[in-house]
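Structural features, examined
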Amino acid sequence: MSRNHVSATVNGDPVEFLSHPGATLLDALRDDLGLTGSKEGCGSGDCGACSVILDGRLVCSCLVLAAEAQGRRIETIEGMADGATLHPLQQKFLEHAALQCGFCTPGLLVAAKALLEVNPDPSESETRYWLAGNLCRCTGYDKVIRAVMDAAADMRQARVPA
Amino acid sequence: MSDVLDRPETAADLKVVGTRPVRPDGADKVTGRATFGADFAMPGMLVGKIKRSPHAHARIVSIDTRKARAIPGVKAVVTAADFPDLASEVMEGGESASNMRDIALNCMARDKALYDGHAVAAVAATSSAAADAALAAIEVVYERLPHVIEVEAAMQADAPLLHAHLFTAGLDTPPAKASNIAARNRLARGDVDAGFMEADAIVEGRYVTAAVHQGYIEPHATVAAWGADGQCQVWSSSQGQFMVRTYCAKVLGLDSSAIRVTPAEIGGGFGGKTTVYLEPLALALSRQAGAPVKMVMTRDEVFRATGPTSGAVIEVKLGAKADGTLTAANIVLKYQAGAFPGSPVVPGTMTALACYDVANFEVTGYDVVTNSPKVAAYRAPGAPISAFGVESAMDELAIKLGMDPIALREKNAVRDGVKAAYGPTFRDIGYVETLEAIRDHPHYAAPLGPNQGRGVAVGFWFNVGGESTAAVHVNEDGTAVVVTGNPDVGGSRAAMAMMAAEVLGLTVDKVRPIVADTAAIGFSMLTGGSRTTFATGMAVTQAAQKIVADLKRRAASVWEVPIDGVEWLDGSAVCLAPGKTRGAAMTLAELAATSAKTGGPISASVSLNAQGAGPGFAAHICDVEVDPETGHVTILRYTAAQDVGRAIHPAYVEGQIHGGVAQGIGWALNEEYVFDADGRMENAGFLDYRVPVASDLPMIEAIMIEVANPRHPFGAKGVGEVPIVPPLAAVANAVRRAIGVRMTELPLSPPKIRAALDGR
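Quick look at the structure, then. (Residues numbered from 1 in each chain as written. Chains lettered and ligands numbered in written order. Predicted model: local features only at pLDDT ≥ 70, side-chain atom pairs only at ≥ 80, totals over all residues.)

**Describing the overall build of chain A**
When its secondary structure is counted, chain A shows five helices and five strands. Taken from N to C terminus, the helices and strands of chain A fall in the order β-β-α-β-β-β-α-α-α-α. By the burial criterion, 58% of the 162 residues in chain A qualify as buried. Within chain A, contacts between residues separated by at least 24 positions form 60% of all contacts whose residues are at least 6 apart in sequence. (Helix = DSSP H or I, 4+ residues; strand = E, 2+ residues; numbered from the N terminus. Buried ≥ 20, exposed ≤ 12 C-beta atoms within 10 Å, placed from the backbone. Contact = placed C-beta atoms within 7 Å.)

Laid out in structure tokens, this is it:
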């Protein structure tokens, strides 16, 4: 089976990989690029564990073909912290105990970052609806929502762009 | 162990326990670095996949794998013929007993496929595409058989039989005929008929729950490598690496010493990862292929072939005097077991009346095999189901008597010294306190609007102890490592580090907790039954106490004073003995740096079988609003009070309460297995099997009632399971109050609510 050569930018770095015609962006990230922070919980776009930002837009990477990444800019959980300095959302998730098993956490963090990029001051309801595409079975979302809103408040205070 | 030392007697003495530090594995989990089951890889690894029965019930006439084996890149094909045909053997697991023959047959069907999705063959190949081609090329000839999934249909005398040699256990007279009823169990006390004669009010109801899945977001995953010398390694996501080792050894006929299991991070389990599905198959494939094999389930496979918990029918009859005193209860529970015996009907029976002090009762349970996936433990297994029936009936009784539902429960509440319906006498329980907490909470008095209702329900779970091992090693700089054998499902590493830090007098950041493989730590039962913080925490605490005893001995020898002249205070040995060293102190770091001169490495291990787990009680209030046009139920407000013993890390205790409540709400409102006429699951994905999403839920207020368990060094009780017990009825009771109609069948989906509204 012939494979497609794909060049893209992941977390600011140029990457190249060969993809099978049916491979998803999630497959490419995990299997070809070794970025296993994005998770496969369903493979059908229902759980959000594979959330990444593709050219500024939040997507489920399991619903994007790897070949579609050609020439695109992709942000994953691995690019969220600035070196050893955690993003305010990551820090707030830790402080609020907003994770239990941690499997959905990368997707939730990427989705929350995308939220704060378009809405730096989300209400609880806006936060809940934005994150409705990210399933979490452990937390009941309570501490997740608190962590996101607390991070948003801190970022507004510090005028940190998401 | 008898040397309980320097035990903090009150919460005020505690410096670490009861605080909310950042969890030690947190950074890895927010940066994507944590290695979950599917994240592990080995050089030369093959892709393993499973061929599954498309039929709910079929005899396997033949399996021809020749074409599959001929496909380039296919390295192994296994069927039941590649596994020993095990004799029936019951083993105690972490949460319940399991029959190894059934576990083996559930991993790989032998003569019959018993449910849609039952594994019949597995392949390993150099690529996913080759593995898919091999699955398609395996030719299985089935003889389809009639199937049965609904529990009461399966109990009928003329129902299709799943197992020709299954005879109902627990009957007064041994049955002559095989049946799908695997067992009947019964709890009884007093004179039920006389109790109902005494009653001024009697309520009766028949309640139905659907089969629901644990719904962990991480699908099952494993990598297995069978060495040329027969030494095997397994990496997998499970609730217990020792469970995986034991089950693989049994299913494959190996010595446990030949298998080393390394636990991956686990992406949720809730009981569903207390057994094996993939690991024995991956090992068998690896043996045949001579290469490591990785297997990862799809979500469809997770729904069709793992979990769920039972769908059930619950018949409840309660009698009470006019003042609310319960006089009698008669309860019949019928639980689906799935393809093999072992539904959680026994704990369902034992918990049904555990909150109530009632003189006369009979609770009868039926464990019924059905052509659906073999059920697995799910958070307080069996208890939410029986509680749905009993708590709905209690609400009906409150309405009939014109009593406040909390007052009715207080009237009949179990207290210290009461003999529980399931046998033992309660000690140090905080049940009444949870009732008082919700009674006095502003939520209970808050006004309600039109189409809104408020429901109350309570719940009970035993919590267990059991076998655990822990080791504490002091490093040369006075920091420490805590080693346990329990996968961290929801923050238990933090709790382990905190308990060790408390005893050693260190700050928690100086203690590194790790979860070790089966070759690196002694046996520990799996993470389940809300046992880890209690039982493994007890082992950690005792190991740290042994370290402190050793450090005091070392300091005493340096100071040349008797050991009882040395105290351990805030991480230092302090000399209290008279003489020139009186008042001298040596820190843990100083003692660690000089350990070579005082006896060598400072290290201790404790293995124990923890007894005295304190039971958990919970009392919940739920407010709903029912949309009269669509029948949609919105959860407006939720308050959950729970006796948690002493909360080691309160934020993760609250998290357990939040999570249990959310799963219970999903069970109440949305979740169910839907089968077509052929017995195939129709909603094997998260789009159609709808777990609660963030916009479905309000904030959940968790009230922690701390009635310490005196049989744990810090007073801990298990906290993870009981929060899922009350919500099913709390939601249904709220709907009853909102619409005036008793809803008896879960889930309370919009069509059912609409029908109820139309029927008013």
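**Notes on the overall build of chain B**
Regarding its fold elements, chain B presents 21 helices and 28 strands. For 760 residues, the compact-globule estimate of 2.2 N^0.38 gives 27 Å, and the C-alpha radius of gyration of chain B, at 27 Å, lies within 12% of that figure. In chain B, which comprises 760 residues, the proportion classed as buried is 60%. The long-range share in chain B, meaning contacts at least 24 apart out of those at least 6 apart in sequence, stands at 79%. (Rg over C-alpha atoms; globule rule 2.2 N^0.38 Å.)

**Digging into the sheet that holds strand 24 (residues 585-587) of chain B**
All names here are of chain B. Across the sheet, which stays open at both edges, the three strands sit in the order 22-23-24 with antiparallel pairing between neighbours. Of all strands in the sheet, those bounded by a partner on one side alone are strand 22 (566-569) and strand 24. Pairwise comparison of adjacent strand axes, ignoring direction, gives a mean angle of 25° for this sheet. In the sheet, strand 23 (residues 572-575) pairs with strand 24 via three bridges, with the strands oriented antiparallel. Looking across to strand 24, one finds that S572 is bridged to T587. Running at roughly 130° to strand 22, helix 16 (residues 532-559) makes contact with strand 22, strand 23 and strand 24 of the sheet. (Pairing = 2+ DSSP bridges. Axes fitted to C-alpha atoms, helices over the stretch in contact; angles between N-to-C directions.)

**Some thoughts on the environment of C42(A)**
Secondary-structure assignment places C42(A) in the loop between helix 1 (25-32) and strand 3 (51-54). On a C-alpha basis, the gap between C42(A) and A162(A) in space is 28 Å, while along the polypeptide they are 120 residues apart. If we ignore the near neighbours within four places in the chain, the residues touching C42(A) are C47(A), R299(B), G685(B) and F686(B).

**Observations concerning the interface of chain B and chain A**
Residue-level contacts link 43 residues of chain B with 43 residues of chain A. Elements that contribute at least two residues to the side of chain B that touches chain A include exactly helix 1 (26-30) and helix 19 (650-669) of chain B. By residue number, the principal contributor to the side of chain B that touches chain A is helix 19 of chain B, which donates eight residues. Broken down by class, the residue content of the side of chain B that touches chain A amounts to 22 nonpolar, 15 polar and six charged. (Nonpolar A, V, L, I, M, F, W, Y, C, P; charged D, E, K, R; others polar.)

**Considerations on helix 13 (residues 431-439) of chain B**
Residues and elements named next belong to chain B. Residues Y431, T434, L435, A437 and I438 constitute the buried set of helix 13. Here the buried residues of helix 13 occupy an arc of 160° about the axis, which is enough to place them on one side. Residues of helix 13 that are buried sit in contact with helix 12 (405-411), helix 14 (442-445), strand 18 (452-461), strand 26 (616-626), strand 27 (633-643) and strand 28 (700-705). (Arc of directions from axis to C-beta.)

**Considering unusual backbone geometry**
Residues and elements named next belong to chain B. Of note, the bond from L746 into P747 is cis; its omega dihedral lies within 30 degrees of zero at -5°. Inspection of the secondary structure puts P747 in the loop between helix 20 (727-739) and helix 21 (750-758). A positive phi is found at F270, a non-glycine position, where the angle reads about 55°. Phi at R379 takes a positive value of approximately 20°, unusual for a residue other than glycine. By secondary structure assignment, the location of R379 is in the loop between strand 17 (361-369) and helix 11 (383-401).

**Considerations on helix 7 (residues 241-252) of chain B**
All names here are of chain B. Between its first and last C-alpha atoms helix 7 spans 16 Å; for twelve residues at 1.5 Å apiece the expected length is 16 Å, and the two agree. Counted residue by residue, helix 7 has eleven buried out of twelve residues, so it is predominantly covered. Inspection of helix 7 places Q241, F242, M243, V244, R245, T246, Y247, C248, K250, V251 and L252 among the buried residues, and these make up the whole buried set. Buried residues along helix 7 sit in contact with helix 3 (100-107), strand 12 (232-236), strand 13 (259-263) and helix 8 (279-289). Two residues or fewer past helix 7, G253 is found with a positive phi of approximately 70°. (Expected span 1.5 Å × (residues − 1).)

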